[in-house]
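# Notes for the structure review
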Amino acid sequence: MGGESEAEPVPQKSKSAVKFNGKVLAFALGSIFVAGIIFFLLKNWESAPVFKTDRKTADVEPPLPVASLLSEAEQNELVNPLQMTIPRQLTEDEEEILKKQVSFPASFSPQTSFTVWKKEDFEKMLVTEQKKRKITFGWLYLRSLTKTFEKYYPEAAQAYQKEDYLLARELFLGSLSFPVYQNDPKVHRAVVLVMLRSYLNDVLGKLAVINQHLLSQELSTDVRSIFESYQALFPVLELQEWDRSLALIHRLQNQIAEFENKPQAAETGYPSVFGELDLEIQNAIRAEAAPKPEAAVSLKALSIDLNLKEKAVRQNTPEVLLKVQKQAEEISQALEAKEWSVARQGLELIDFPPELLRQARRKLGLLDQAAAIREAQAK
């Protein structure tokens, strides 16, 4: 129609424009993601741990402004080199440890006075037990029991009092060699050994004491050898020949270890009469009268004394002191270079000698003091 204008065509977006806008959107989203990560890291940066172990990591720590936190005198005291001498003067505690002498351990000694049964006591026991158990022994068997007692027990008691312990043990064993009742071992154990229990216990107790004493005498030979070596140690300690002293102490410690780990005889060496006893009595002797090596001689006090001496001597050997001196020099260099973290690590490791330890603790105190002042100023 002549008076009407035609509608303007709507422009169409090209494919390239759509593609371009997609790139912009992707870039924007990526930027937002990266920004989020950066924000998260910055927010949590302060909570990340900082490990200070050596010069490399010590650079992360802000330097401690000692000059503004300590007085000039304190600064000089802090950076002054650690001082020690070789050989060094022993402390009173060290001298006391090295001079102390442990006494020779007292060996087990049995009492010479003890209860001794008389024939009347033995016969009274037999009468009492027969009434109590309502069992009557024949006259001949009662007589054989009493004869066994009379033959061995009184003489065994005399040998014991005279300290002839080997003979006493043999005779006490003989005093248990009762004839088998009715020739029946089962009846004998069920009747006679039960009725003679109080007497059996008396003899078993005496055998246990004798065995313990004899073992103590046997072990005392080895112990005396150890103590002779122990006595020879003190002149060397007095000369302060530390390497030689350390070698002697180690030798003594080995002697003690060998002594304590020495295998004991599986069974006490009894005389032939032991094999003639009833098997139940034999078993009772093995179980109740066996000697105890740990109770015969104890070297515990000597071992403790040697351990203390070993530590005191070892710390004074030239080799150990030279290592400590080198460590002190390295710490002093770190202090002079104002590498406080490195110096602190070294100072905290010093535990000997006492004179160096006192210096280390003083320097650590000054570093703590400076750190505390800085923390107070920051608040």
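Above this text sits the structure in question.
Notes on the structure follow. Only a predicted model underlies this, so the values are computations on that prediction, with no experimental measurement involved.

Take the overall build of the protein chain next. The helix and strand tally for the protein chain stands at 17 helices and zero strands. Expressed as a percentage of its 379 residues, the buried residues of the protein chain come to 34%. In the protein chain, the share of contacts with a sequence separation of at least 24, taken over all contacts with a separation of at least 6, comes to 78%. Accessible area for the protein chain stands at about 24600 Å²; split by element, carbon and sulfur atoms hold 55% of it.

To continue, consider the packing of aromatic side chains. As enumerated under the stated definition, the model contains 16 aromatic pairs in all. Each ring, one from Tyr160 and one from Tyr165, has its centre 5.7 Å from the other, and the planes form 85°; the classification is edge-to-face. Residue class for Tyr165 comes out buried when judged on its relative accessible area of 6%. Each residue in the set Trp117, Phe122, Phe149, Tyr153, Phe172, Phe178 and Tyr199 is aromatic and connected to the rest through ring pairs, giving one cluster. If you follow Arg224 out to its NZ or CZ, it ends over the ring of Phe104, 4.8 Å from the centre.

Glancing now at the pattern of salt bridges. For the structure shown, the criterion picks out 14 salt bridges. One salt bridge connects Glu94 with Arg88, and the closest N-O pair in it is separated by 3.1 Å. Since its relative accessible area comes to 6%, Glu94 is described here as buried. Residue classification places Arg88 among the buried residues on the basis of a relative accessible area of 6%. For Glu123, the salt bridge identified is with Lys119, shortest N-O distance 4.0 Å. Of this pair, Glu123 and Lys119 both sit in helix H6 (residues 119-133), separated by four residues, roughly a single helical turn.

Cut-offs and rules
Residues numbered from 1 in each chain as written. Predicted model: local features only at pLDDT ≥ 70, side-chain atom pairs only at ≥ 80, totals over all residues. Heavy atoms only, no water. Helix = DSSP H or I, 4+ residues; strand = E, 2+ residues; numbered from the N terminus. Buried < 20%, exposed > 50% of the residue type's maximum accessible area, 1.4 Å probe, protein only. Contact = heavy atoms within 4.5 Å. Areas by Shrake-Rupley, 256 points an atom, 1.4 Å probe, with all protein chains shown as cover. Phe/Tyr/Trp six-rings, centres within 6.5 Å; stacked < 30°, edge-to-face > 60°. Lys NZ or Arg CZ within 6 Å of the ring centre and 35° of its normal. Salt bridge = Lys/Arg side-chain N within 4 Å of Asp/Glu carboxyl O.

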